[in-house]
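Observations on the three-dimensional arrangement
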Amino acid sequence: MVGAGAVGLWCACTLAEAGLRVTVLERRHPGAGASWGNAGWVVPSHSVPLAHPGALRRGLRWLLDPESPLYVPLRLEGRLWSWLWQFRRFSTPAHVRRAVPLLVRLQRRSAELYGQLAAQGLEFGWQRAGSMSTFLDPQEYRGFLDEVELLRQEGVAAEEMDAPSAREWEPLLRAGLAGAVYFPEDGHLDPAALVAALAQRAVQLGAKVQSGTEVRLRADGRKVTVETPTWRAQPQLLVVAAGVWSALLLRGVGVRLPVVPAKGYSITVDGQAGPCCPLMLTEARVAVTPLRGPDGSPRVRLAGTLELGVWDSQPRSRRVDAIRKAVGRYLQLDPQGGEVWAGLRPCTPDGLPVVGRPRALDNLLVATGHGTLGISLAPATAELVAQLARGEDPEEVRLLRPDRFG
Ligand SMILES: Cc1cc2nc3c(=O)[nH]c(=O)nc-3n(C[C@H](O)[C@H](O)[C@H](O)COP(=O)(O)OP(=O)(O)OC[C@H]3O[C@@H](n4cnc5c(N)ncnc54)[C@H](O)[C@@H]3O)c2cc1C
């Protein structure tokens, strides 16, 4: 296994539980990538993929606003051009109709598996308090209700709320709200605690987690060989779950994946009581998650921004300030101070993860490209990876194959 993020660690636990001998190779430490400071949402309600009709129109509008939640570099490199071209191709109603049922099913299964993990006594802040999408703009709100219909067709419960009911439910909301939708099925967790708990559990199940081990890959015929600075080996099965870096690693063995980084930020403010359930400040695309510190004290996490094609994890103050400003527009909450973090989401142009075996190589399995949903999809992904490792061909994987991009 390469990568000790949420996806790699879930896969390690599931494979070790199935009786396989597992070694996780991680170049830094568990949670060094996107899985640490994210919003921690596990949300069947967020099953409309990023690639959907209207995404490009909205994206172009955002590009003209320096405080918008989206940033795309003005000078696009070739790979990003081709990614955007494919993204445009996938932004159709037909693609949404294919993707929504699958994403709802996988996120529901993940929520079940998180519930089972928590029931075993692992502490990672798992709660099923629902989530609420809030709106300032009546037109955005009305548009969102079409999405809600799609979700309802898949059995996702949704309660529309007018402004007074929403404010009664969540007193932190300011006046001026256009409306809100509450999704009772959604859950959330503390991602840093999750990664720590999974790494510990993997070891308890007999897996080795080897930090500080950077991996490179080499193809020898139809087999992949793993190379580290001190040794090389040809494993019976190699699972690449290295987040956005998977694409770079796999290029070395001739597997081309259109996975690009979408950098996002979070600000975690200690001692500040958050909302009673996670809130999406929809026009600003800021997620607000109530969390608890190690001593049980309240903390709140504000997460947002999508900087497409940006590979560094350095926070940019303009983006951080835009998140703080947005929070002030929706909530009576002091968003100053706090710990700032940035991570790279591994994004595919169709908004679906990549899970499966590339055709040309026999001992390779890929589990990456989870974009904005890596925490939500990690447990279900691990189950699919375990099925593939046993030689099965689960139906879900048909839309997720690495070779689907041509
Ligand atoms: C601001 C923000 C908010 C988010 N909110 C949510 C949310 O609420 N819900 C949700 O579901 N998702 C959310 N996400 C997305 C989620 O964080 C990611 O999809 C998920 O963490 C990806 O997990 P991963 O295990 O695939 O990758 P990562 O966590 O990035 O892990 C990859 C690991 O591979 C290691 N690695 C890379 N290359 C090598 C190599 N050559 N050798 C060895 N090791 C290597 C890295 O060091 C890293 O530890 C958010 C992301 C951001 C940035």
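Below is a summary of the structure that appears in this document. These figures come from a predicted structure and were not determined experimentally. (Residues numbered from 1 in each chain as written. Predicted model: local features only at pLDDT ≥ 70, side-chain atom pairs only at ≥ 80, totals over all residues.)

Digging into the site of the ligand
Close to the ligand lie 42 residues, the nearest being Gly 5, Gly 33, Gly 243, Gly 264 and Gly 374. Of all the secondary structure elements, the ones that give two or more residues to the shell around the ligand are helix 1 (6-17), strand 13 (260-270), strand 17 (339-347) and helix 10 (374-389). Here the shell around the ligand is composed, by residue class, of 20 nonpolar, 17 polar and five charged. (Near = placed C-beta within 6 Å. Helix = DSSP H or I, 4+ residues; strand = E, 2+ residues; numbered from the N terminus. Nonpolar A, V, L, I, M, F, W, Y, C, P; charged D, E, K, R; others polar.)

Some remarks on the packing of helix 1 against helix 7 (residues 191-204)
Look at helix 1 against helix 7: their axes get within 9 Å of each other, and the N-to-C directions meet at 30 degrees. For the element pair helix 1 / helix 7, the angle class is roughly parallel. Taken as a pair, helix 1 and helix 7 cross one another with a handedness that is left-handed. Between helix 1 and helix 7, the contacting residues are Ala 6, Leu 9, Trp 10, Ala 12, Cys 13 and Ala 16 on the first element and Pro 191, Leu 194, Val 195, Leu 198, Ala 199, Arg 201 and Ala 202 on the second. Across the contact of helix 1 with helix 7, the residue classes break down as twelve nonpolar, no polar and one charged. (Axes fitted to C-alpha atoms, helices over the stretch in contact; angles between N-to-C directions. Parallel < 35°, antiparallel > 145°, perpendicular 65-115°, else oblique. Left-handed = near helix turned anticlockwise from the far one by under 90°. Contact = placed C-beta atoms within 7 Å.)

Concerning the environment of Val 148
Along the chain, Val 148 turns up in helix 5 (residues 138-153). On the basis of neighbour count, Val 148 is assigned to the partly exposed category, with 18 C-beta atoms found within 10 Å. Counting along the chain gives 33 residues from Val 148 to Val 181, while the straight-line C-alpha distance between them is 8.6 Å. Setting aside its immediate chain neighbours within four residues, Val 148 contacts Ala 158 and Val 181. (Buried ≥ 20, exposed ≤ 12 C-beta atoms within 10 Å, placed from the backbone.)

So, the nonpolar core
Counting residues in each nonpolar core, the largest one holds 125 residues, and the members touching the most others are Leu 9, Cys 11, Ala 12, Ala 202, Val 240, Val 286 and Val 385. Ignoring sequence-local partners within four residues, the contact set of Cys 11 consists of Met 1, Val 239, Ala 241, Ala 367, Ala 382 and Val 385. (Core = buried A, V, L, I, M, F, W, Y, C linked by C-beta atoms within 7 Å.)

Description of unusual backbone geometry
Its identity as a non-glycine residue notwithstanding, Arg 285 has a phi of 50 degrees, on the positive side. Note on placement: Arg 285 falls in the loop between strand 14 (279-281) and strand 15 (286-292). Take Arg 285: there are 19 C-beta atoms within 10 Å of it, and that puts it in the partly exposed class. Even without glycine at this site, Thr 305 takes up a positive phi of about 80 degrees.

Considering the pairing of strand 15
Counting buried residues along strand 15, six of its seven residues qualify, which places the element largely inside the surrounding structure. As paired elements, strand 14 and strand 15 share three bridges and run antiparallel to each other. From the neighbouring strand, Met 280 faces strand 15, where its bridge partner is Ala 287. The hairpin formed by strand 14 and strand 15 contains four residues between the paired strands, and Arg 285 there has a positive phi angle of roughly 50 degrees. Bridge analysis of strand 15 against strand 16 (residues 298-308) gives seven bridges, and the strand direction is antiparallel. Bridged to Val 286 within strand 16 is Gly 304. (Pairing = 2+ DSSP bridges.)

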